[in-house]
Structures are given as C-alpha cells and as structure tokens.
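Coordinates in review
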Amino acid sequence: MNRVYSESEKRNTNVVLIALDTLRADHMSCYNYRLETTPGIDEIAKEGVLFERCISPAIPTHPGYTTIFTGASPLRHGVVCHRGVHALPEDILSISQMLYKEGFLTVAIDNLTATGAHWFSRGYEYYIFSGGTTVLSGGYKITGEITTKKALNFLNLWREGRFGRKPLFMFIHYWDPHAPYFPPPPFRGTFYQPNEKMKSIKALMMKTVWGRNLLKGWVRKVVKERDDKAYLDSLYDEEILYADDQVSKVISWLKDAEVYDETIVVITADHGELLGEHNIFYDHHGLYEGDIHVPLIIKSPNLPRDVRVKGFVTHEDIVPTILQLLGIRTDVKFEGSPLIEAVYRGESEREFVVSLENTRMTKRAIRTRKWKLIQTMRPDVYGNPAGHLELYNLKRDPEEKENLADSEEEILKDMVFKLEHWYRRMLGGNPDPLTTQPISMPIRPK
C-alpha cells in the first residue's frame, strides 16, 4: 500500500539528505562491490530502499547538485557546466525553498557557494559553510570529519530546542571520496594488497593529457609513496570507507536522539569517478558508466525495508519522491517522478535516460537497458572530433570496451533518433545550453 504522511505526521517528520561527492555506485558493497567499503550505508539500505540503477542526468558537480535539488532537467534549469556562466533561474525552486515554505527548519552543511554558485544557499535558514573548496592542483579539500562535526553541533542545538520545534530538513555534503585521495588513519591501508604485477601509475598516466595534468598535482605525492595503480585505486576505496564512517556517525546520532525512525534519510552522489577506464585517470568526464552510475538509497518510515528496485531512476526523481513521501502537494514542475510506485513494483518503468556534460568537454549520452550511445559535441583532447559516436552493448560489454558504432548501423540510427527526438522535445524550441555555453574547465594540452 502506498502510504504518505498525514498533516500531523508531516509536522514530526524530518528529512536528511546526504551526498557523497564523486562516489560511483559500483564501488559500494551494497551495490555488490568485492570489498566491504560501505558497511554503515549497507545497514541503511537494509532498512530502506536501494535503487540499483540511478543515473546522473548531468555531470560534474554543479549540474549534478542543481538537478538533485530541483528535480528539473539540466536542459530546463540550464546549469550544464561546473563553474559555468549560467546561474539557476529564480523561478526554479530548490527542495530547501519548498520545505521552508512548508514550515521546515532548513539547514545545509556545505561549501558549494564558495565556487560562485550562490543558488545552492537558497531556501536555507542556516547555511553552515563547511570550509575550503576542492583544488586538484593543491591537493586540498574539506574533510568528512569537519563536515560531521558541524552537522552534529547543529543537531545538538536543534535537539535542545534552540530553533523551536519545527521538522528538520538537513543537507550534508561530504567531499569524500573526491580527489585527492588521502584517507586518514585507520582507514588508509585497509584494502591495498601488493602483488608482483604492479602497474606503474606514472607510466599509465603519461599516456594522456589529463594524466599528465594530475602527475603535476596531488598524484605526484602518491607516486612517491608507491608507484602502483592498485595502491592508488585502494586509496579511492579507503576514501569511501572513511566517508561511510562519517555517515554512520550522523545516523548514530539520529538513533541516539530517538528521531531516526521518524526521519527520511536519502543518500546519493552527484557523479562517479573513472579510475583509468578509457584512459581517463581519476576524474569524472566522458559519460561512461563509472561517471554517471551513482547510488540512491532512501530510508523512510512509510516505505518497506530491504527492497532493491531495478530499472532506471535519476536525480530528477529525488525531490518529487521526498515531497510525495511527506504528503506535500505542489504546482512545481518536475521532469522527475515520485518513486513510491516503483518501490512497491520492484522496478522502474523508465525506458531510457539521457546524460550531459559541458565542463572538461561537451558530450551527451543516451542509455537503454541494453545499449549506450555517447555523442561528442565538440572536439576533445582525446582526439575525438565533433560528431564522433560511441555505441556499446552493455549487456555483453558492461565495461564499454568495444565501440560498435561502425558495425551496428540500425541500432545506431535508432539510438541517435531517440536521443535527438527526446532532446528537441525537452528544449521546446529554446537554445541548447551545450552549444550556447562554453566549456567551463577544459583540459589544457600539455
């Protein structure tokens, strides 16, 4: 039975939205990864619903979070670049603005506004700045420990009644496991297993432009420690383990405060990370599965426990799902849909998903259950010209190694038509932001 909260229940229901930056779903143990990287989140998944195939409609950070917060398609809200020239229009509301109007106490533990994207603070009574920004060249980012401390400090004040007795909407943004990968003790060294077949990080990364960029930054420190790709990969997994521990501390607080049972907990990520696939070393561009397949876990008192939902869902579905769980009706337009029916059905009926990027390069992709098409819109530093097409049979080739664009002509035509038809319908005659907005953070040839 699809049950939503009554008005009296809604006034006592809290929402905690937790985002772990740069977390690819297939490196989480609850998504069947070979290592136990997320024991705490695994328990939350058992107490709630795990969506097996959540796809980010736009990468990287700014496009991803803008869609998470608004439920709007990137082609409508227009934020298709990280640190780009376009700001979120005032008439597109965020979840914090919606819940503030419904009487929620709204608070964010975040630092996205430090990058110039001031719309990320809209709707919050308290926007608690977590600290510095991620700078790849300098190898610095705000750590999960600081973020958790600020979140728990606020929660303690809230429990004391310092802000009245409103229901809470809290957004917590963890930068881990985003680069640089420097997990603290005792997490560092948990997963690394040295072997005789070491692959040199330096040798592999010197093959591509982006790799050479990284070797002049934070990766240089890793190479000095151990020039082994398996070591660098293990640091990413240990960053996930560290982030999981921080999330677990927040969940423990909710349980100790006896508010966990009446709190909706949502866990997701803005995008994933490539760890050398397609010669993209430790970054998030290309629209391959490691980039766009992200976790989505929702624990709610009025949802069943330990359910896994097959099929496609996206960031666009998160806001309408939260609102429906709370029983809040709105005239706000969403491209996403509430996921409650999919939970009880065990599967989403969405036939395909589209993903975009316009930060390091300009691409768009469409993915069905079996096929994936990636289209290059502007020439990239990997030698692909505008119009270059990649077609993958994901049933047979989940790692996207064999480009079938030249051999599967009919499938290619069908996928291009499907993408173009959807794209033009979504634009509705408006300019395409992928072509009107310049690439915001291109890779510089070196």
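Look above for the structure.
Structural notes, computed from the coordinates. These numbers were taken from a predicted model, which means no experiment stands behind them. (Residues numbered from 1 in each chain as written. Predicted model: local features only at pLDDT ≥ 70, side-chain atom pairs only at ≥ 80, totals over all residues. Heavy atoms only, no water.)

**Details of helix α2 (residues 39-46)**
All of the buried residues along α2 are Gly 40, Ile 41, Asp 42, Ile 44 and Ala 45. Considering only its buried residues, α2 is in contact with β1 (14-20), β2 (49-55), α10 (229-256), β7 (263-268) and β11 (296-299). (Buried < 20%, exposed > 50% of the residue type's maximum accessible area, 1.4 Å probe, protein only. Helix = DSSP H or I, 4+ residues; strand = E, 2+ residues; numbered from the N terminus. Contact = heavy atoms within 4.5 Å.)

**Some points on the sheet that holds strand β14 (residues 362-367)**
In a beta sheet, neighbouring strands pair by backbone hydrogen bonds and run either parallel or antiparallel. On the basis of which strands lie adjacent, the open sheet formed by 5 strands has the order β3-β13-β14-β15-β16 and mixed pairing. Two strands lie at the open edges of the sheet, namely β3 (58-59) and β16 (389-393), each paired on one side alone. Of the pairings in the sheet, the one linking β14 to strand β15 (residues 371-376) comprises 5 bridges and is antiparallel in character. Across the sheet, residue Lys 363 finds its bridge partner in β15, namely Thr 376. In the packing of helix α14 (residues 409-427) onto the sheet, the strands contacted are β13 (353-358), β14, β15 and β16, and the crossing angle to β15 comes to about 65°. (Pairing = 2+ DSSP bridges. Axes fitted to C-alpha atoms, helices over the stretch in contact; angles between N-to-C directions.)

**Describing the packing of helix α6 (residues 144-159) against α10**
Contact geometry for α6 and α10: axes closest at 10 Å, N-to-C directions at 10°. In this view, α6 runs roughly parallel relative to α10, as classed from their interaxial angle. On the side of α6, the interface is formed by Gly 144, Glu 145, Thr 148, Leu 152, Leu 155, Asn 156, Trp 158 and Arg 159, while α10 contributes Tyr 242, Gln 246, Lys 249, Val 250, Trp 253 and Asp 256. Here the contact of α6 with α10 is composed, by residue class, of 6 nonpolar, 4 polar and 4 charged. (Parallel < 35°, antiparallel > 145°, perpendicular 65-115°, else oblique. Nonpolar A, V, L, I, M, F, W, Y, C, P; charged D, E, K, R; others polar.)

**Here's the deal with the pairing of β7**
Counting buried positions over the 6 residues of β7 gives 6, a clear majority of the element. Here β7 shows two buried faces, one formed by Thr 263, Val 265 and Ile 267 and the other by Ile 264, Val 266 and Thr 268. Pairing between β1 and β7: 6 bridges, direction parallel. Directly across from Val 16, in β7, lies its bridge partner Val 265. The pairing of β7 with β11 spans 4 bridges and is antiparallel. Counterpart to Val 266 in the pairing with β11 is Ile 298.

**Here's the deal with the packing of α2 against α10**
The contact between α2 and α10 brings their axes to 7 Å, and the two run at 50°. With respect to α10, the element α2 is oriented oblique. The residues of α10 that touch α2, namely those facing Pro 39, Gly 40, Ile 41 and Ile 44, are Leu 241, Asp 244, Val 247, Ser 248 and Ile 251. When the residues that make up the contact of α2 with α10 are grouped by side-chain class, the tally is 6 nonpolar, 2 polar and 1 charged.

**Side note on unusual backbone geometry**
Glycine aside, residues mostly have negative phi, and peptide bonds are mostly found in the trans state. Note that the residue after Ile 59, namely Pro 60, is joined by a cis bond; omega there is 0°. Residues Ala 179 and Pro 180 are joined by a peptide bond in cis, for which omega reads 5°. Structurally, Pro 180 is set in the loop between β6 (168-174) and α7 (201-205). Here the phi dihedral of Tyr 282 falls at roughly 60°; this positive angle occurs in a residue that is not glycine. Along the polypeptide, Tyr 282 turns up in strand β9 (residues 281-283). On the basis of relative accessibility, which here comes to 1%, the residue Tyr 282 falls in the buried class. Unusually for a residue other than glycine, Glu 400 sits at a positive phi of about 55°.

**A short note on helix α12 (residues 318-326)**
Burial analysis of α12 places 8 of its 9 residues in the buried class, which makes it a mostly covered element. Taken together, the buried positions of α12 are Ile 318, Val 319, Pro 320, Thr 321, Ile 322, Leu 323, Leu 325 and Leu 326. Once α12 finishes, Gly 327 follows within two positions and takes phi at roughly 75°, a positive value.

**Some details on the pattern of salt bridges**
A complete count under the given rule lists 28 salt bridges for this structure. Among the ionic contacts, a cluster of salt bridges with common partners joins Arg 53, Glu 289, Arg 367, Lys 372 and Glu 400. (Salt bridge = Lys/Arg side-chain N within 4 Å of Asp/Glu carboxyl O.)

**Let's talk about the environment of Ala 230**
Tracing the backbone shows Ala 230 in helix α10. Looking at Ala 230, the relative accessible area reads 32%, which means it is partly exposed. Between the C-alpha atoms of Ala 230 and Lys 199, which are 31 residues apart in sequence, the distance is 7.4 Å.

**Observations concerning the state of the cysteines**
Per the stated rule, a full pass over the model turns up 0 disulfides. Of all cysteine sulfurs in the structure, the one in Cys 54 sits closest to Cys 30, which takes part in no disulfide; the separation is 13 Å. Overall, the relative accessible area of 7% leaves Cys 30 in the buried class. Given a relative accessible area of 0%, Cys 54 falls into the buried group. (Disulfide = S-S within 2.5 Å.)

**Details of the environment of Gly 84**
Here Gly 84 lies in the loop between α4 (74-77) and α5 (95-101). Given the relative accessible area of 36%, Gly 84 is considered partly exposed. Counting along the chain gives 47 residues from Gly 84 to Gly 131, while the straight-line C-alpha distance between them is 21 Å.

**Some points on the pairing of β15**
Of all 6 residues that make up β15, 6 are buried, and the element is covered over most of its length. Here β15 shows two buried faces, one formed by Trp 371, Leu 373 and Gln 375 and the other by Lys 372, Ile 374 and Thr 376. The antiparallel pairing of β14 with β15 creates a hairpin that spans 3 residues between the two strands. Bridge analysis of β15 against β16 gives 5 bridges, and the strand direction is antiparallel. Note on β16: the bridge partner recorded for Lys 372 is Tyr 392.

By themselves these figures say nothing about function.
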